[in-house]
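Examination of the molecular architecture
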Amino acid sequence: METANKTQPSRENGSIEHYDAVIIGAGISGMYALHHLREMGLSVRVYDGASDVGGTWWYNRYPGARVDAPGSPFYSYTFSEELMKEWDWAEVQAEQSAVLDYIEFVADRLDLRRDIQFETWVQDARYDESLQRWTVETSTGVRASAQFLICAVGALSTTNMPDIPGILDFAGECYHTGSWPHEPVSFQGKRVAVIGTGSSGVQSIPEIAKEADHMTVLQRTAQFTFPSGNRPVKPEEMADARENWDAYVAKMYASPAGFPFDMNERKALDDTPEHRRARYEELWRRGGVDFLKGGYSDITTSEEANAWLADFCRDKIREIVDDPETARKLMPDHYILTKRAILDCGYYETFNRDNVTLVDLREDPIERFTPTSVITRSGEHPIDMLVLATGFDAISGSMLRLNPKGRGGDSLKERWQDRFHNYLGLSVVGFPNMFMIHGPGSPGVFYNMPLGAERQMDWIGNLISDMKERGMRAVEPTTESEEKWDNMVAELAHSTLLPRTDSWWTGANVPGKPRYFSVYLDGGGYHQMISDIAARGYEGFVFE
Ligand code: N01
């Protein structure tokens, strides 16, 4: 490492900047990567296409966007007790603007922006085998060379645009929830159509419906959603988290999903049907995370337990939705919790509004768009605005969009044609010194993502220190270790019902994408395992 202990880059005739590490992405992961590597004394540069920090939280500012996972104050960085002590969370499921405020506070507090170049898209990244360094080319013409390339490009960042005849001819306003405008969007007096009923659709539909003249929901797959149970964070909860932060963090480290909650270990069929129903009623009333952590341990492994909960939730839809025909269309038919769990704020209730129409695209598919309408098999729906809540080319999409070129100029797209070959979700054969945060093969989206980024980045930092001590210049995994890891990811996934349902976890939402479940499901076990691998001298890697 030639510039360790320097934080300023050296420039050659202004044409190329030299760093120890280049980080792509200034979201939660990239920000921590910058902080951590800088603390280690490395020279680091971050590039991001956005005009400020935040990544997914910078882009996803659609109405209703909020943390819909176990939330505040545990969806946050854990590495600094000061940050924790200085920040107050207002709601358990913080809204997007509150999360972005927090991220900006961290960037200010750690003075991160001085090493981030915004509005700069990395267009190419190539490994030079003779120099054992990466060169990146950017949209602003800046070129940079670095020994290490950290890809913090986001697991849910590359938007999935539906390919529907005539969609580009639609002349009204059109927005994707994943790249929502920064200027206010007014729905007043407008006829709005929304495609997509995943988390983004379920969060935005109730909000848009309150303001729009009319809303048409174009639903391809009916969804199970649970009442969010969002509420203010109580002052005593914040005080308790602050007082006992170390204990909470230890619990987060020990838990499979990275949150400090005790999960119910009991199996559904160990209880009588009456007891189960009473339990589900109580959890439904409390809503939110309570439902997920308080349910039974075998919902995603036992077909019978799964069917029982699915029936309970379908009964809830029938209870909530007034019109039986609309309720019928809203009935999901997949294994419950085999698509990402959604927490909603009045989603099913929205279909009781006079200004909302539900179109079931399975019975009544979209034929085409015109400049002023969407035409489904049953007829024409005139619209002024189209909202695409169609999700992302998730997990692997942003790495493929970057498409780095490794040894011999071979591209990641070539390497990943059939599967997203990787070792530990961190590294790829033929791409030395390149590391992914939340990449395919990691627990990524099944783990508390800020914590997962911290833990992966700490591991990468330790590997870099180890290389420095041993005078090593390059590291990459072996093909055998990639194959072994792929089998481990698959084995764990297939011990559950999750791969049986089409979802963005299986790549089924993007035509032509390799279809398989590419997330490692045991986050807690994963972090222990990668730490053991490090202790065994980075087993599965080769060094130069
Ligand atoms: O995307 P999705 P999302 N024609 O892929 C439909 C995270 N997140 O943005 O199910 C018609 O879940 C598609 O239909 P189908 C969270 O992890 C977090 O909502 O593929 N429909 C589906 O209904 C989440 O899971 C938060 O049949 C089409 C929808 O569009 C993940 O991001 C908030 C279509 C896409 O749902 C992704 O959620 C929001 C087509 N051609 C999201 N193509 C927070 O915690 C797609 N669909 C803040």
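Everything below is about the structure shown above.
Sequence positions are assigned chain by chain, starting from 1 and proceeding in written order. Where totals are concerned, whole chains, interfaces and linings use all residues; where local detail is concerned, this predicted model gives features only for residues with pLDDT of at least 70, and gives and counts side-chain atom pairs only at 80 or more. Where side-chain values are given, they derive from all heavy atoms of the structure, hydrogens and water being excluded.

**A look at the overall build of the protein chain**
The following threshold applies: Secondary structure elements follow DSSP: runs of H or I of four or more residues count as helices, runs of E of two or more count as strands, with numbering from the N terminus. With the radius of gyration taken over C-alpha atoms, the globule rule is written as 2.2 Å times the number of residues to the power 0.38. Charge assignment in this entry is limited to Lys and Arg as positive and Asp and Glu as negative, and neither His nor the chain termini are counted. By convention, charge coordinates are those of NZ in Lys, CZ in Arg, CG in Asp, or CD in Glu.
The helix and strand tally for the protein chain stands at 17 helices and 20 strands. The C-alpha radius of gyration computed for the protein chain amounts to 24 Å, which stays within 12% of the reference 24 Å derived for 544 residues, consistent with globular compactness. Each principal axis of the C-alpha atoms in the protein chain carries an extent, and together these give about 70 × 55 × 45 Å. Charge separation in the protein chain, taken as the distance between the mean sites of 55 positive and 82 negative side-chain charges, equals 1 Å.

**What to know about the pairing of strand E16 (residues 379-382)**
Note the threshold: For two strands to count as paired, DSSP must find a minimum of two bridges between them.
The pairing of strand E15 (residues 373-376) with E16 spans four bridges and is classified as antiparallel. By the bridge assignment, Val374 is partnered in E16 with His381. Between the end of E15 and the start of E16, which pair antiparallel, lie two residues.

**Comments concerning the site of the ligand**
Quick note on the threshold: When at least one non-hydrogen atom of a residue lies within 4 Å of a molecule or strand, that residue is treated as near it. Polar contact is defined as a pair of N or O atoms within 3.5 Å, subject to the rule that within protein one atom must be able to donate a hydrogen and the other to accept it, and that residues adjacent in sequence are counted only when both atoms are side-chain atoms. The Shrake-Rupley method, run with a 1.4 Å probe, gives the accessible areas here. Residue values count only the displayed protein chains as cover. Charged means Asp, Glu, Lys or Arg here, nonpolar means Ala, Val, Leu, Ile, Met, Phe, Trp, Tyr, Cys or Pro, and polar covers whatever is left, Gly included.
If you check the shell around the ligand, you find 25 residues, and the closest are Arg66, Asp68, Ser200, Arg220 and Thr221. In the environment of the ligand, an oxygen atom lies 2.4 Å from a nitrogen or oxygen atom belonging to the side chain of Thr221. Protein chains shield 88% of the accessible area of the ligand, which is 920 Å² for the free molecule. No other element matches the three residues that helix H5 (residues 199-211) contributes to the shell around the ligand. Residues belonging to the shell around the ligand are distributed by class as follows: 10 nonpolar, 10 polar and five charged.

**Let's talk about the packing of helix H15 (residues 449-470) against helix H17 (residues 523-535)**
What counts here: The axes are straight lines fitted to the C-alpha atoms, using for helices just the contacting stretch, and the angles between their N-to-C directions are given from 0 to 180°. When describing relative orientation, an angle under 35 degrees is termed roughly parallel and one over 145 degrees roughly antiparallel, while 65 to 115 degrees is termed roughly perpendicular and anything else oblique. Any two residues whose heavy atoms approach within 4.5 Å are treated as being in contact.
Contact pair H15 / H17: the axes reach a minimum separation of 11 Å and the direction vectors enclose 5°. The angle between the axes of H15 and H17 places the two elements in the roughly parallel class. Facing Gly452, Arg455, Gln456 and Trp459 of H15, the residues of H17 in contact are Tyr526, His527, Ile530, Ser531 and Ala534. In terms of residue class, the contact of H15 with H17 is built from four nonpolar, four polar and one charged.

**Some words on helix H16 (residues 479-494)**
Applied cut-off: In a helix, the anticipated span is given by 1.5 Å times the number of residues less one. Only protein chains enter the accessibility calculation, which uses a 1.4 Å probe; a residue whose area is less than 20% of its type maximum is buried, one above 50% is exposed, and one in between is partly exposed. Within this analysis, the arc is defined by the directions that extend from the helix axis to the C-beta atoms.
The first and last C-alpha atoms of H16 sit 23 Å apart over 16 residues, in line with the 22 Å expected at 1.5 Å per residue. Buried within H16 we find Ser481, Glu482, Trp485, Val489 and Ala493. Taken end-on, H16 shows its buried residues confined to a sector of 105°, consistent with a single buried face. Opposite its buried face, H16 presents the exposed residues Glu480, Glu483, Lys484, Asn487, Glu491 and His494, each directed more than 90 degrees away. Structurally, H16 contributes buried residues whose contacts are with helix H14 (412-415), strand E19 (475-477) and H17.

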